[in-house]
Amino acid sequence: MSTRTLVSPLTLARPRGRALYWTVFCGVVLLFALAFLFPVYWMVTGAMKSPDEVTRTPPTLVPDSWHLSGYTDAWDLMDLPTHLWNTVVQAAGAWFLQLVFCTAAAYALSKLRPAFGKVILGGILATLMVPAQALVVPKYLTVADLPLIHTSLLNDPLGIWLPAVANAFNLYLLKRFFDQIPRDVLEAAEIDGAGKLRTLRSIVLPMSRPVLGVVSIFALVAVWQDFLWPLMVFSDTDKQPISVALVQLSQNIQLTVLIAAMVIASIPMVVMFLVFQRHIIAGISAGSTKG
């Protein structure tokens, strides 16, 4: 069965056609790389310019003189270690709880087939149709006076962790992946005496590393970049995450220092992506069986 492409194999076999193909291909890749990497370069070098140069018109592509003081000033003046640690605590807790509860719920809906499972799944997916802004007020009233126990979660990481657990998109993503795991694998584990929890821990989770990596990125990035909800939960400046602190402390800060703080705040997300990149592109065969 022949494969249809934009350029025929006969054209690619000719030196002129091959040269034209690689020229266009490299040009397109270079343009896309430039479009994605240039803003990063502009932000990193902008923090190394002087305050006058960063606002100069027309702007300079390369700083006239390189200043690293913007990064050191941002680290000290904006108290970045405290706010970065607050963000790490909030993001890590939300990621862990979301991974535990969403994985358990997705496994139950996919493999345990509870009564009214489709109705429950439909109700969960229906929440995706509700705008996130419409849920801000109900969430705030809930965490401000938690039902039954009547305690406040304001200025507490639990105010970030608990609402993050209810993520319908990640739950559905996990369920769809679990649906693709062959039933024969689970039946073989049952024959060997493994219970439902042991099957989940020893069989399903190791096969699900690609989707768990994707869910981890979604969970961490969602908390790391969120602004409105942490702003409402944390009125105490010392407990605010980096996204809120950058705005709250930027009034009397030089622009170069603020840019440097943004660069520092983005580094953990870049590192996190590099860590989980291998799991994202691990391949479709992660959940397959060997004959």
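Residues numbered from 1 in each chain as written. Predicted model: local features only at pLDDT ≥ 70, side-chain atom pairs only at ≥ 80, totals over all residues. Heavy atoms only, no water.

A. Structural context of the overall build of the protein chain. Secondary structure summary: the protein chain contains 15 helices and zero strands in total. A globule of 291 residues ought to have a C-alpha radius of gyration of about 19 Å, yet the protein chain, at 25 Å, is considerably larger. If one aligns the C-alpha atoms of the protein chain with their principal axes, the spans along those axes are about 75 × 70 × 35 Å. Taking all 291 residues of the protein chain together, the buried fraction comes to 32%. (Helix = DSSP H or I, 4+ residues; strand = E, 2+ residues; numbered from the N terminus. Rg over C-alpha atoms; globule rule 2.2 N^0.38 Å. Buried < 20%, exposed > 50% of the residue type's maximum accessible area, 1.4 Å probe, protein only.)

B. Just the pattern of salt bridges, in detail. For the structure shown, the criterion picks out four salt bridges. Linking K175 and D179 is a salt bridge whose minimum nitrogen-to-oxygen distance equals 2.9 Å. Of this pair, K175 and D179 both sit in helix α9 (residues 168-179), separated by four residues, roughly a single helical turn. You can call K175 buried: its relative accessible area is 12%. The shortest N-O distance in the salt bridge between R176 and D179 comes to 4.0 Å. On the criterion of helical spacing, the pair formed by R176 and D179 is a turn pair, its members being three residues apart in helix α9. Here the salt bridges do not stand alone but share partners, grouping K175, R176 and D179 into one network. (Salt bridge = Lys/Arg side-chain N within 4 Å of Asp/Glu carboxyl O.)

C. Representation of the confidence of the model for the protein chain in the model. Overall, the prediction assigns the protein chain a mean pLDDT of 85, with 91% of residues at 70 or greater. Scored below 50 in pLDDT, residues 283-291 shows eight contacts in the model against residues more than four places distant or in partner chains. (pLDDT = per-residue confidence, 0-100. Contact = heavy atoms within 4.5 Å.)

D. Examining the packing of aromatic side chains more closely. Per the counting criterion, the structure on display carries five aromatic pairs. Considering the side-chain rings of W22 and F25, the 5.5 Å spacing of their centres and the 90° angle between planes classify their relative orientation as edge-to-face. Within this pair, W22 and its partner F25 are both found in helix α2 (residues 15-46), separated by three residues, close to a single helical turn. Judged by centre distance (6.3 Å) and plane angle (35°), the ring pair of F38 and Y41 falls under tilted. Remark: Y41 and F38 occur in helix α2; sequence separation between them is three residues, near one turn of the helix. Through a chain of ring-to-ring contacts, the aromatic side chains of F38, Y41 and W42 assemble into a single cluster. Above the face of the W42 ring, K49 is positioned so that its terminal group lies 4.3 Å from the ring centre. (Phe/Tyr/Trp six-rings, centres within 6.5 Å; stacked < 30°, edge-to-face > 60°. Lys NZ or Arg CZ within 6 Å of the ring centre and 35° of its normal.)

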